[in-house]
Amino acid sequence: MTLGRFAPSPTGVLHLGNLRTALASWLSARSAGGRWLVRMEDVDGPRCRRDLGEAQLRDLAALGLESDAPVLWQSDRSATYREALADLHRGNRLYPCLCTRRDLQLLASAPHTEDGLRPYPGRCRERGWEGFDRALRLRLPDGLVAWEDRLLGVQEEDPATLTGDPLLFRRDGCFAYHLAVVVDDAAQGVTEVVRGADLRSITATQIRLQEALGLARPAYAHLGMVAAPDGSRLGKRAGALGLEALAARGVSPAEALGWLGWSLGCLDRPEPCTASDLIGAFAWAQVPKDEVRVPAAWT
Ligand code: GLU
């Protein structure tokens, strides 16, 4: 059975881009008769806040998107992530990294990738093991990773040129996003990952980590981004394009859903609806691959 998920980081208000991802993942699971989960990705220290996560859950509920299982908060999962690190260490896949942020800036020779990432050049790769209290990286094998994306078709990337050996544990004691996302998708039995195209290229690195941990690979779909009317990224204006700000401009959740459903190819034109109204009309073959822009009247 399909098990989809939406995994926001509780660092701010969910904007229309986030809500579109949530709706698409819900519709994909529901239209296949499957289940859907929400997971709070709050491993990133003080930027993540419980109250912001609770507000995100309220916004999802206002759209009719509710988790079929209790919401998992990654900050409660340290013991599980530690076990995964121990497993990787037993397989000799981890090495300590003593590089400082400044070292990494000086070492970075490759240009920025499409996602603004710089690959780690592997300076600490030959270091001997020094214990679990160091920053730890995964030793990636060479070679391309190929996967089938439900929206974009066959994808092929070389993780060495995108992330390089990913950091899985930080010196400050935080577990990295890559580790938490891969471990939890498998632990929760997630079969389908729907997320924004900004995370497409790191999929290759996450697949390598799944392989190193002996975990099953979920299906992937990476959605085109939602941009502001002028084409700029929504990031800075996130608060202005959340449900509360839209309500202040007279846009109801049903109208927001109509626009989101239309942008996902479920409706011929944006008209108010519920999330359930869209289930029968959802099909990946109809979802546009390109970026969509928020209506100018909403900004
Ligand atoms: N927590 C990530 C984010 O909010 C998404 C992770 C994922 O969907 O794999 O950007």
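The rules behind these values
Per chain, the residues get numbers from 1 upward, laid out in the order the sequence is written. In keeping with the model being predicted, local features are shown solely for residues with a pLDDT of at least 70 and side-chain atom pairs are shown and tallied solely at 80 or more, while totals for entire chains, interfaces and linings include all residues. Side-chain calculation: all heavy atoms of the structure are included, whereas hydrogens and water are not. Three labels apply to residues, based on accessible area from a 1.4 Å probe with only protein chains included: buried if under 20% of the type maximum, exposed if over 50%, partly exposed otherwise in between. Only DSSP runs of H or I covering at least 4 residues are called helices, and only runs of E covering at least 2 are called strands; the numbering of each starts at the N terminus. Each axis is a line fitted through C-alpha atoms, and for a helix only the stretch in contact is used; angles between axes span 0 to 180 degrees, taken between their N-to-C directions. Reported orientations rely on four angle classes, namely roughly parallel under 35 degrees, roughly antiparallel over 145, roughly perpendicular from 65 to 115, and oblique for the rest. Only heavy atoms matter for contacts: two residues are in contact if any of them lie within 4.5 Å across the pair. For this scheme, ten residues count as nonpolar: Ala, Val, Leu, Ile, Met, Phe, Trp, Tyr, Cys and Pro. Four count as charged, namely Asp, Glu, Lys and Arg, and the remainder, Gly too, count as polar. By definition, a salt bridge exists where a carboxyl oxygen of Asp or Glu is found within 4 Å of a side-chain nitrogen of Lys or Arg. For this purpose, a residue is taken to be near a molecule or strand whenever a single non-hydrogen atom of the residue falls within 4 Å of it. As used in this structure description, the phrase polar contact means that two N or O atoms lie within 3.5 Å; if the pair is within protein, one of them must be able to donate a hydrogen and the other to accept it, and residues adjacent in sequence are counted only when both atoms belong to side chains. What sets the accessible areas is the Shrake-Rupley method with a 1.4 Å probe; for residues, cover comes only from the shown protein chains. Think of a nonpolar core as a cluster: buried Ala, Val, Leu, Ile, Met, Phe, Trp, Tyr and Cys residues, connected wherever their side-chain atoms sit within 4.5 Å. Being paired, for any two strands, means DSSP has found at least two bridges between them.

Caption draft 1: Geometry of helix α7 (residues 203-213). Across the 11 residues of α7, nine count as buried, placing the element largely inside the fold. Buried residues of α7: Thr-203, Ala-204, Thr-205, Gln-206, Ile-207, Arg-208, Leu-209, Gln-210 and Leu-213, and no others. Backbone geometry just after α7 places Gly-214 at a positive phi near 70°.

Caption draft 2: Focus on the packing of helix α3 (residues 78-90) against α7. Two elements in contact, α3 and α7, have axes whose closest approach is 9 Å; the angle formed by their N-to-C orientations is 75°. When the axes of α3 and α7 are compared, the pair comes out roughly perpendicular. Side by side, α3 and α7 meet where Ala-84, Asp-87 and Leu-88 of the first sit next to Leu-209, Ala-212 and Leu-213 of the second. For the contact of α3 with α7, a count of residues per class yields five nonpolar, no polar and one charged.

Caption draft 3: Geometry of the pattern of salt bridges. If you walk through the whole model with that rule in mind, you get 22 salt bridges. The shortest N-O distance in the salt bridge between Arg-77 and Asp-184 comes to 2.7 Å. Of this pair, Arg-77 sits in the loop between β3 (72-73) and α3 while Asp-184 sits in helix α6 (residues 177-187), and the two are 107 residues apart along the sequence. For Arg-77, a relative accessible area of 17% translates into the label buried.

Caption draft 4: Up close: the site of the ligand. In the vicinity of the ligand, the residues found are Arg-5, Ala-7, Pro-8, Ser-9, Glu-41, Tyr-177, Val-181, Arg-195 and Leu-199. One nitrogen or oxygen atom from the side chain of Tyr-177 is found 3.2 Å from an oxygen atom belonging to the ligand. The protein chains hide 77% of the 300 Å² of surface that the ligand would expose on its own. Split into classes, the residues belonging to the shell around the ligand amount to five nonpolar, one polar and three charged.

Caption draft 5: Layout of the nonpolar core. By size, the foremost hydrophobic cluster in this structure holds 44 residues, and its most contacted members are Leu-23 and Leu-65. Where this core is concerned, the elements lending two or more residues are α1 (16-31), β2 (35-40), β10 (219-223), α8 (243-248), α9 (253-263) and α10 (275-278). The greatest single-element share of this core, amounting to eight residues, is contributed by α1. In this structure Leu-65 touches Ala-22, Leu-23, Trp-26, Trp-36, Leu-60 and Ala-275, once residues within four positions along its chain are discounted. Listed in part, the 19 residues of the second largest apolar core include Leu-88, Leu-136, Phe-175 and Val-183.

Caption draft 6: Region of the structure containing the pairing of strand β6 (residues 145-149). With burial as the criterion, only one face of β6 is covered, namely that bearing Val-145, Trp-147 and Asp-149; the residues Ala-146 and Glu-148 on the opposite face remain uncovered. Two strands pair when backbone bridges link them, and β6 and strand β7 (residues 153-157) are joined in this way by five bridges, in the antiparallel orientation. Following the sheet pairing, Trp-147 is matched in β7 by Gln-155. Linkage of β6 to β7, two consecutive antiparallel strands, is achieved through a turn of three residues.

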